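Fold and contact review
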Amino acid sequence: MEKYNKKKLVLSFLPILVAFTVYYIAYFAAFFMTFITGGSDTAASDGMLVNEGFFNIIRFTMLLIIFTVWYKYRFYDLYKEEKEKIITKKHFLLTILSLIITGILIQLFFSGILNILMPRFPDFFKSYKEIIDSYKSSRTSILTVFSAIVLAPIAEELIFRGVALCYNLEAVTPKAAIILQAFLFGLYHLNLVQGIYAGLIGLLLGFICYRYKNILPAIILHMAINCSSFFIPDSFFGDNKKCTAIIILSGASLIFFIYYSCRSKAISIRPSK
């Protein structure tokens, strides 16, 4: 493989362009469905009423179909040799458990930081707070919850750790490829605050996907992060002292689990029968 391939590098930006195109198509489709059904559960930032549940289901279903086909027929055999390797059921279960715990720790760590910073810098976090408030108002929607916990992690991992990362790996060095796909993942969120922590999380997701030569671990970790955001109440963080303690404990534990992941055998997580 060449160290630098301009064509493949340009192609690595194509997935995010497709994702943005799907966003607007789904938005207008959701608006039409909201108009037909006569109701919505949240207001979009531009004032157009759109049912968030309809929007998310349409959007992520479209992304799943497009990028599943794209990934399967273009990159599925990229790690073919590694996928043939087998591990024990015990190692498989420990890997899954470590990914779930890591996802919860990531959510605790970043939520703790945001709970401290948001009251201190209200102007900087204004647009982010509006997004979060809209997100919280739609948590009771089954469609929104299902989209956030199941559809979004699978679709977004196919986009960034599937198609984009694979194009990057064909264009540049592995380190540069992981950094670039993380940057694209942050850019995809279209908000500075979300983009910063999404980019940092994207670095870990990209590293895990590359290390295990499999997109499944990244999907599981992503699901754990999104799922924990629904089940960890805001009241859990309390005052600044408690937030600081949560940040320190979750951060230290997170370092341990990342270190464990780096030290563990880096092969596919498909278990033996």
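Residues numbered from 1 in each chain as written. Predicted model: local features only at pLDDT ≥ 70, side-chain atom pairs only at ≥ 80, totals over all residues. Heavy atoms only, no water.

1. So, the packing of helix α8 (residues 174-188) against helix α9 (residues 192-212)
The cut-off we apply is this: Only the contacting stretch of a helix is used when fitting its axis, a line to C-alpha atoms as for every element, and angles between N-to-C directions run 0 to 180 degrees. A run of H or I in DSSP becomes a helix once it reaches four residues, and a run of E becomes a strand once it reaches two; helices and strands are each numbered from the N terminus. An angle below 35 degrees is read as roughly parallel, one above 145 as roughly antiparallel, one from 65 to 115 as roughly perpendicular, and any other as oblique. In this scheme the handedness of a crossing depends on how the near helix is turned from the far one: anticlockwise by less than a right angle means left-handed, clockwise means right-handed. Throughout, a residue-residue contact means that at least one pair of heavy atoms, one from each residue, lies within 4.5 Å.
Across the interface, α8 lies against α9 with an axial gap of 7 Å and an inter-helix angle of 140°. With respect to α9, the element α8 is oriented oblique. Relative to α9, α8 is oriented so that their crossing is right-handed. Only G195, A198, G199, G202, L203, L205, G206, F207 and Y210 of α9 make contact with α8, whose side of the interface consists of P174, I178, I179, Q181, A182, F185 and G186.

2. A few points about helix α10 (residues 216-231)
For the record, the criterion: Under the convention used throughout, the expected extent of a helix is 1.5 Å for every residue step, that is, one less than its residue count. Remark: exposure states derive from per-residue accessible area (1.4 Å probe, protein chains only) relative to the maximum for the residue type, with buried under 20%, exposed over 50%, and partly exposed in between.
With 16 residues, α10 extends 23 Å from end C-alpha to end C-alpha; this agrees with the ideal 22 Å at 1.5 Å per step. In terms of residue burial, α10 counts as a mostly covered element, since twelve of its 16 residues are buried. Turning to α10, its buried residues are P217, A218, I219, I220, L221, H222, A224, I225, N226, S228, S229 and F230.

3. Side note on the packing of aromatic side chains
Working definition: an aromatic ring pair is given by the centre-to-centre distance plus the angle between the planes. The line we're drawing: Here the aromatic set is Phe, Tyr and Trp, taking the six-membered ring for Trp, and pairing holds for ring centres within 6.5 Å; pairs whose planes are under 30 degrees apart are stacked, those over 60 apart are edge-to-face, and all others are tilted.
Using the criterion set out here, one finds 16 aromatic pairs in the structure. Their ring planes at 20° and their centres at 6.4 Å tell us that F20 and Y188 sit as a pair that is stacked. On the criterion of sequence distance, the pair formed by F20 in helix α2 (residues 14-37) and Y188 in helix α8 is long-range, its members being 168 residues apart. Among the residues examined, Y188 registers a relative accessible area of 6% and is labelled buried. Through a chain of ring-to-ring contacts, the aromatic side chains of F109, F110, F124, F125, Y128 and Y197 assemble into a single cluster.

4. Some words on unusual backbone geometry
The backbone of L190 shows a phi angle near 55°, a positive value even though the residue is not glycine. Among the secondary structure elements, L190 is positioned in the loop between α8 and α9. Owing to a relative accessible area of 59%, L190 belongs among the exposed residues under this scheme.

5. Some words on the pattern of salt bridges
As a reminder, the rule being used: In the sections that follow, a salt bridge refers to a side-chain nitrogen of Lys or Arg positioned within 4 Å of a carboxyl oxygen of Asp or Glu.
Scanning the model with the defined rule gives three salt bridges in all. Ionic pairing is found between E170 and R74, a salt bridge with its closest N-O pair at 2.9 Å. Residue E170 is found in helix α7 (residues 142-171), and its partner R74 is found in helix α3 (residues 52-74); the two are separated by 96 residues along the sequence. Accessibility expressed as a relative area gives 33% for R74, which makes it partly exposed. By sharing partners, the salt bridges in this structure join K8, R74 and E170 into a single network.

6. As for the nonpolar core
Using the following cut-off: Here, nonpolar core refers to any group of buried Ala, Val, Leu, Ile, Met, Phe, Trp, Tyr and Cys residues whose side-chain atoms link them within 4.5 Å.
By size, the foremost hydrophobic cluster in this structure holds 52 residues, and its most contacted members are L63, I106 and L221. Those elements that place two or more of their residues in this core are α2, α3, α5 (89-120), α7, α8, α9, α10 and α11 (240-263). Considering each element in turn, this core owes the most residues, 13 residues, to α7.

7. Overview of a nonpolar patch on the surface
The criterion, for reference: A patch is a set of surface residues, each over 30% in relative accessible area and not in a salt bridge, joined within 9 Å for like charges and within 5 Å for the nonpolar side chains Val, Leu, Ile, Met, Phe, Trp and Tyr. For every accessible area listed, the method is Shrake-Rupley and the probe measures 1.4 Å; residues are considered covered only by the protein chains on display.
On the surface, L117, F121, F124, I179, L192, I196, L200 and L203 cluster together into a nonpolar patch covering about 750 Å² of accessible area. Counting residues per element, the nonpolar patch draws most heavily on α9, which supplies four residues. Tracing the sequence through the fold places L200 in helix α9. Accessibility expressed as a relative area gives 47% for L200, which makes it partly exposed.

8. Digging into the environment of A30
Position of A30 among the secondary structure elements: in helix α2. Distance in space between the C-alpha atoms of A30 and F54 is 5.4 Å, their sequence separation being 24 residues. Contacts of A30, omitting those with residues within four sequence positions, involve V50, N51, F54, F55 and I58.

9. Some words on the packing of α7 against α10
As a reminder of what qualifies: Any residue that is not Ala, Val, Leu, Ile, Met, Phe, Trp, Tyr, Cys, Pro, Asp, Glu, Lys or Arg is counted as polar, Gly included; the first ten are nonpolar and the last four charged.
Two numbers describe how α7 lies on α10: the axes approach to 9 Å, and their chain directions differ by 150°. Crossing handedness for the pair α7 and α10: right-handed. Facing V145, A148, I149, V150, A152, P153, I154, E156, E157 and R161 of α7, the residues of α10 in contact are A218, I219, H222, M223, N226, C227, F230 and F231. Of the residues contributing to the contact of α7 with α10, the split by class is 13 nonpolar, two polar and three charged.

10. Here we look at the side chain of Q194
For Q194, the location among the structural elements is in helix α9. Not counting residues within four places of it along the chain, the set of residues in contact with Q194 comprises Y128, I131 and H189.

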